[in-house]
Amino acid sequence: MLAYRHLFHAGNFADVFKHALLVRLLAALGQKAKPFFYLDTHAGLGRYDLAHAWAQKAREFDHGIARVWLRRDAPPALAGYLAAMRAENPDGRLRYYPGSPCIARHLLRPGDRMALTELNKSDCAELAARFAGDRQVQVRRMDGYEALGTFLPPKERRGLVLLDSSFDRAGEFARIAAAIAGAHRRWATGTYAVWYPAIERPAIRRFEREIADTGIRKVLQLELCVVAETATRALQTGVMLGCGMLVINPPWRLDEEAAPLLDWLAQAMARDGKGARVVRWLVPE
Ligand SMILES: C[S@@+](CC[C@H](N)C(=O)[O-])C[C@H]1O[C@@H](n2cnc3c(N)ncnc32)[C@H](O)[C@@H]1O
């Protein structure tokens, strides 16, 4: 239980995909004058030192953020994410990778609030230390699925939930579908972003059906694949070469904005020059 440590994977292609989209979701919330709430159910460490031995073991960031962060031709939709990266590495050397909590912190305005939950004891302690004294940030060591019951609906009545599981136990797709159904009953108007690995296509198909069967509308599906197989074909390698995100109640035009963004990222991080992406409505309005 909890063998997964994100430091081994920090800054990989899946992080770039997830965090580039996270920035767009939070930026959209920040466009209205009213405050928003952000809940990160599987928050991790908050920030990752890429010089750490665990990050150096497979150097997954070489195929992810290292390929992207200094490119001058990135699409405008990536600007906020790259600005957050540069803020963590002001001398232009890639040393720190900001996780979802630190990236989100860059996008909170003075009246906004975020809650971070993480089950791993030492990761949560480090996360709590990072945000100690920050009145806009609440850190709790607790199960991310329980957090949905604890924090939703938020008093702000607008905001985003990121559900970024480590998928290190069996049955995680079904657990997520059930958790989303329950959360959506409590708070139907929130935006939910659910990350998933694209390793076994049949499991994803089942997950899609489970989500569709909840009756929830407005579910956008986004995927990025770093190999030539199209992201819609079965990936049976057992190695993660693609990943996706379901976004429930996405901001207006995220679908139009995400297509060129993911095209660019797929090219930039492809292992063989032929990455692929999916942008489609799993369930329309
Ligand atoms: C993929 S990592 C999170 C990365 C982070 N969201 C980011 O983008 O920077 C998943 C995290 O979930 C934690 N975790 C696993 N099961 C959990 C649970 N049931 N509730 C809360 N955290 C959990 C793991 O310890 C791990 O730190």
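Everything here concerns the structure above.
Please read all numbers here as calculations on a predicted model, not as lab measurements.

### Here's the deal with the overall build of the chain
Each helix and strand counted, the chain has nine helices and 10 strands in total. The dimensions of the chain, computed from C-alpha atoms along their principal axes, are 45 × 45 × 40 Å. Counting across all 285 residues of the chain, residues that qualify as buried make up 54%. Relative to all contacts within the chain whose residues are 6 or more apart in sequence, the contacts with residues 24 or more apart total 78%. Approximately 12,400 Å² of the chain is accessible, and the part contributed by carbon and sulfur atoms is 52%.

### Describing the packing of helix α7 (residues 172–186) against helix α8 (residues 201–213)
One can describe the packing of α7 onto α8 by two numbers: an axis separation of 10 Å at closest approach and a directional angle of 15°. For the element pair α7 / α8, the angle class is roughly parallel. The way α7 lies across α8 gives a crossing that is right-handed. Here F173, A174, I176, A177 and I180 of α7 lie close against α8, whose contacting residues are A203, I204, F207, E210 and I211.

### Re the nonpolar core
F17, Y38, L78, Y81, L222, L265 and M269 are the most contacted members of the largest nonpolar core, which totals 63 residues. Looking at this core element by element, the count peaks at 11 residues for helix α1 (residues 13–29). With near-sequence residues (within four places) excluded, Y38 lies in contact with L22, L26, S100, A104, R113, M114, A115, L160 and L162. F37, L39, I204 and L246 belong to the second largest nonpolar core, which has 32 residues in total.

### Description of the site of the ligand
As a matter of local geometry, the ligand sits amid 21 residues, with H19, S100, E118, G144 and D164 nearest to it. Between a nitrogen atom of the ligand and a main-chain N or O atom of L119, the distance comes to 3.3 Å. At 2.7 Å from a nitrogen atom of the ligand is found a main-chain nitrogen or oxygen belonging to G144. Summarising the interface, the protein chains cover 99% of the accessible area of the ligand, which totals 600 Å² for the free molecule. Its residues assigned to classes, the shell around the ligand shows five nonpolar, 10 polar and six charged.

Criteria and thresholds
Residues numbered from 1 in each chain as written. Predicted model: local features only at pLDDT ≥ 70, side-chain atom pairs only at ≥ 80, totals over all residues. Heavy atoms only, no water. Helix = DSSP H or I, 4+ residues; strand = E, 2+ residues; numbered from the N terminus. Buried < 20%, exposed > 50% of the residue type's maximum accessible area, 1.4 Å probe, protein only. Contact = heavy atoms within 4.5 Å. Areas by Shrake-Rupley, 256 points an atom, 1.4 Å probe, with all protein chains shown as cover. Axes fitted to C-alpha atoms, helices over the stretch in contact; angles between N-to-C directions. Parallel < 35°, antiparallel > 145°, perpendicular 65-115°, else oblique. Left-handed = near helix turned anticlockwise from the far one by under 90°. Core = buried A, V, L, I, M, F, W, Y, C linked by side-chain atoms within 4.5 Å. Near = heavy atom within 4 Å. Polar contact = N/O pair within 3.5 Å; in protein donor to acceptor, adjacent residues only side chain to side chain. Nonpolar A, V, L, I, M, F, W, Y, C, P; charged D, E, K, R; others polar.

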